[in-house]
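Okay, here's what each chain looks like letter by letter:
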Amino acid sequence: MMFDPGVILKHLPEIISGTGVTLALWIAGMVLGMFIGFVVATLRRYGGVMVDIPLGLVVEVLRGTPFLIQIFLVYYGGPFVGISLDPIPCGLLGLSIYAAAYYSEIFRAGYGAVPHGHVEAAECLGFSRLQVIRRILLPEMALIVLPPSVNLSVILLKESAVLSIITVPELTTTVSAIGSQEYAFLEAIFLLAVIYWVIVEAAARLGRFAESRFSTYRFSTP
Amino acid sequence: MTLPAISVRNLVKRFGQTPVLQDIDLDIPEGKVSCLIGPSGSGKSTLLRCLAFLEEATEGMITVNGEALGFFENARGERERLPSTQIRAVRAQIGMVFQQFNLWPHMTALGNVSEALKTVHKVPRKEAEERAMAQLKKVGLENRAGHYPAQLSGGQQQRVAIARALALSPKIMLFDEPTSALDPELTGEVLTVMRDLAADGMTMVVVSHEIGFAATIGHQISFLDQGRLVLTGAPADVFAKPRHPRLEQFLDTYLDRGASMLA
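The model shown is predicted, which means the values in this text are computed figures rather than measured ones.

**Let's talk about the overall build of chain B**
Inference 1: Along chain B, the regular secondary structure elements total nine helices and twelve strands.
Inference 2: Rg of the C-alpha trace for chain B: 19 Å, near the compact-globule value of 18 Å for 263 residues, within the 12% margin.
Inference 3: Considering only C-alpha atoms, chain B reaches an extent of 55 × 50 × 40 Å along its principal axes.
Inference 4: Expressed as a percentage of its 263 residues, the buried residues of chain B come to 46%.

Pasting the structure below:
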C-alpha cells in the first residue's frame, strides 16, 4: 500500500468543512461548558447541602461514565423520553455538559485556592456576595484555573471525535468517510492525527501565552 | 458619659461545644484607642472578629453607635438576626485591618484602595481614584500607587490595607495584630501610621502583641485570658503595680520584647 497525499488534496474542501465543524463545536462546547461548570461550582459552594449533594452526584456520574456512552444514550435514547435532537445540537449539548462536569471541579478547586482573608476583606468593605465573586474570586482564580482549563480543552477536542458515532459531520466523520470511499485508510487516519495535533498545539501555546500575560502581577519586581 | 462607639454585652462565642469567649462586657470609647491584649488563644482576635461581624457571636449583643450589629433583641426578649442590608449598613461604619493584610493580588495599590468606592458605592472611577490617592498619600505611599501587592514590602502592604479601610471613611477602625506578620524593622512604619490615626481622633480597637504600643498610645487596655475579660482600664491603672497576677505572668514573657519600660 502506498501513501498517497493526492487523496487529501482531492477532498480538501470537505476536510476544511469538517475541521470547521469540529472547531465550532469544540469552542462552543468549551465556552458553554465553562459557563455551566462555573455556575455549578458556584451553586455547590453557596447553595447549601440540598444543592451541593445532588449536583455532586450528577458531576460524579458524568465524570464516571465514558463520553461515548453518554452521547449514545442522549442521541439514540433521547427519543424514548421525548427528546429528539439533530446530530449537531445533540453533539453540542453532550459536549457542553460533559465539559461542564469537569470545569465545575476545576472551578471548585479555584474557589478553594483563593485565601479566605481576601473574601473577608471585601465583606468588611460592604461587598455583596455577587460583587465578591465578580471582582475578587473570579479574577483571582483565573490564573489558578487556567492551566487545568487548557488541559481540559485539549481533552475535549479529542473527545469531540466521538461525535462521529451520532453522524455529526465533523472532522473524524468526514475524514473516515473519505478513507472508506477512496480505500485510503492510512492517509485518512494519519491526516486526522496531524490535524488534531496541530489544533491541540495551537491551543496549548495560546494557553501558555495567556498564562504568562496574566501572571505578570504575581512575579514581577518593582 | 457619652455613648460608647461599640458596646458589647454578655457576649459568648462557642466554636461547636468549645467556648472561646465567655460573658464579655466591654465598652469601646469614642475617639480613643482601645487595646486588647492577652496570650495566644485568649480569644482577643475572636472578639475583634465578632466586632467586625466576621464571626457571629453565639449569645449576647453588640451595638455600634447605638445600632445593633447583626442581632437584636425583639419584643419577647429573643435574639433575632437583622436583615443583611441592615447588617451591611452597620458594618460600613467599621474598617478592618488584618494580620495578613489581605490585599487583592490582582489589583494595584490604587486599585485596592479605590475598589470598594467603585464597586460598592458606585463612585465614578476618576473620583474614586482621586479619593484613593489621597488615602495613599496619608500613609505615605502615593508613589507606589501603580504597584501590585507582590511588588510591595510587608509594611507597605499593610499601609495600603489601612488606606483601603480608611477610603470608606469608617467611624471605627479595627486592627487584628497588624504588625505580627512583619519584620521588626517594618513594624515601625505601620505603627507610625496608626499613631497618626490615633492623633486624628479615630476610634480604634487594636489587638496587638506590641505591648509598648498599647501602653503608650492606648487609652484603654483590656486583658483577656482563656476567653474571659480579666480586667479593663486606663494603661496607668492596668499596668500599675501590684498587677493582677495573671497579667504579671503574661507581661514577664514580654520584658525583652519592647515592654521593658514597664518593668
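**Quick notes on the overall build of chain A**
Inference 1: Along its length, chain A carries ten helices and zero strands.
Inference 2: Each helix (α) and strand (β) of chain A, taken in turn from the N terminus, gives the series α-α-α-α-α-α-α-α-α-α.
Inference 3: Overall size of chain A, expressed as C-alpha extent along the three principal axes, is 70 × 55 × 25 Å.
Inference 4: Within the span of chain A, comprising 222 residues, buried residues form 35% of the whole.
Inference 5: Long-range pairs, those at least 24 residues apart, make up 78% of the contacts in chain A with a sequence separation of at least 6.

**Notes on the interface of chain A and chain B**
Inference 1: Every contact between the two is made by 18 residues of chain A and, on the other side, 21 residues of chain B.
Inference 2: Of all the elements in the fold, those that place two or more residues in the side of chain A that touches chain B are α6 (116-124), α7 (129-159) and α10 (216-219) of chain A.
Inference 3: When grouped by side-chain class, the residues that make up the side of chain A that touches chain B number eight nonpolar, six polar and four charged.

**Brief notes about the confidence of the model for chain B**
One rule of thumb: low pLDDT means the predicted coordinates there are not for detailed reading.
Inference 1: Confidence along chain B averages 90 in pLDDT terms, with 96% of residues attaining 70 or more.
Inference 2: Both confidence scores are given for the complex: pTM 0.85, ipTM 0.90.

**As for the sheet that holds strand β11 (residues 220-225) of chain B**
All names here are of chain B.
Inference 1: The six strands lie next to each other as β8-β9-β10-β3-β11-β12, forming an open sheet whose pairing is mixed. Two strands bound the open sheet, and with one partner strand each, they are β8 (94-97) and β12 (228-233). On average, each strand axis in the sheet is inclined to that of its neighbour by 15°, with strand direction left out of account.
Inference 2: As paired elements, β11 and β12 share five bridges and run antiparallel to each other. For F223, the partnering residue across the bridge sits in β12 and is L231.

**Description of α6 of chain A**
Inference 1: For α6 of chain A, every residue scored as buried is listed here: H118, A121, A122, E123 and C124 of chain A.
Inference 2: On its buried side, α6 of chain A packs onto α7 of chain A together with α2 (84-91) and β8 of chain B.
Inference 3: Phi for G126 of chain A, located one or two positions after α6 of chain A, is positive at around 95°.

**Things to note about unusual backbone geometry**
Residue and element names in this part refer to chain B.
Inference 1: Following K241, the chain continues to P242 via a peptide bond in cis, the omega torsion being 0°.
Inference 2: Along the chain, P242 falls in the loop between α8 (235-238) and α9 (245-252).
Inference 3: The phi torsion at N10 lies on the positive side, around 50°, for a residue other than glycine.
Inference 4: Counting through the fold element by element, N10 comes out in strand β1 (residues 6-15).

**Digging into the sheet that holds strand β4 (residues 59-64) of chain B**
Residue and element names in this part refer to chain B.
Inference 1: The antiparallel open sheet is built from four strands, whose spatial order is β2-β1-β4-β5. Each having just a single partner strand, β2 (18-28) and β5 (67-68) make up the two edges of the open sheet.
Inference 2: Bridging between β4 and β5 involves two bridges; their strand directions are antiparallel. Residue pairing for β5: T63 is matched across the bridge by A68.

**Section: the packing of α7 of chain A against helix α9 (residues 185-214) of chain A**
Residue and element names in this part refer to chain A.
Inference 1: One can describe the packing of α7 onto α9 by two numbers: an axis separation of 10 Å at closest approach and a directional angle of 175°. By the angle between their directions, the pair α7 and α9 is classed as roughly antiparallel. In this structure, α7 contributes A142, L143, L146, P147, V150, S153, V154, L157 and K158 to the contact, and α9 contributes Y196, I199, V200, A203, A204, G207, A210, E211 and F214.
Inference 2: Looking at the contact of α7 with α9 residue by residue, the classes come out as 14 nonpolar, two polar and two charged.

**Describing the packing of helix α3 (residues 109-119) of chain B against helix α4 (residues 125-138) of chain B**
Residues and elements named next belong to chain B.
Inference 1: Taken N-terminus to C-terminus, the directions of α3 and α4 make an angle of 125°; their axes are 8 Å apart at the nearest point. Taken as axis vectors, α3 and α4 run oblique relative to one another. When the axes of α3 and α4 are compared, the crossing they make is right-handed. Along its contact with α3, which presents A109, L110, V113, S114, L117 and K118, the element α4 presents R125, A128, E129, R131, A132, M133, Q135 and L136.
Inference 2: In terms of residue class, the contact of α3 with α4 is built from eight nonpolar, two polar and four charged.

**Focus: helix α1 (residues 44-51) of chain B**
Inference 1: Where burial is concerned, most of α1 of chain B is hidden: eight out of the eight residues are buried.
Inference 2: Buried residues of α1 of chain B: K44, S45, T46, L47, L48, R49, C50 and L51 of chain B, and no others.

**Structural notes on the pairing of β2 of chain B**
Residue and element names in this part refer to chain B.
Inference 1: Inspection of the sheet shows β1 paired to β2 by seven bridges, in the antiparallel sense. In the strand pairing of β2, K13 is matched with L21.
Inference 2: Count of turn residues in the β1/β2 antiparallel hairpin: two residues, of which G16 carries a positive phi of about 65°.

**Overview of the confidence of the model for chain A**
Inference 1: Looking at chain A as a whole, the pLDDT averages 88, with 96% of positions reaching at least 70.
Inference 2: Across chain A, the secondary-structure element scoring lowest on mean pLDDT is α10 of chain A, at 58, and the one scoring highest is α6 of chain A, at 94.

The rules we used
Residues numbered from 1 in each chain as written. Chains lettered and ligands numbered in written order. Predicted model: local features only at pLDDT ≥ 70, side-chain atom pairs only at ≥ 80, totals over all residues. Helix = DSSP H or I, 4+ residues; strand = E, 2+ residues; numbered from the N terminus. Rg over C-alpha atoms; globule rule 2.2 N^0.38 Å. Buried ≥ 20, exposed ≤ 12 C-beta atoms within 10 Å, placed from the backbone. Contact = placed C-beta atoms within 7 Å. Nonpolar A, V, L, I, M, F, W, Y, C, P; charged D, E, K, R; others polar. pLDDT = per-residue confidence, 0-100. Pairing = 2+ DSSP bridges. Axes fitted to C-alpha atoms, helices over the stretch in contact; angles between N-to-C directions. Parallel < 35°, antiparallel > 145°, perpendicular 65-115°, else oblique. Left-handed = near helix turned anticlockwise from the far one by under 90°.

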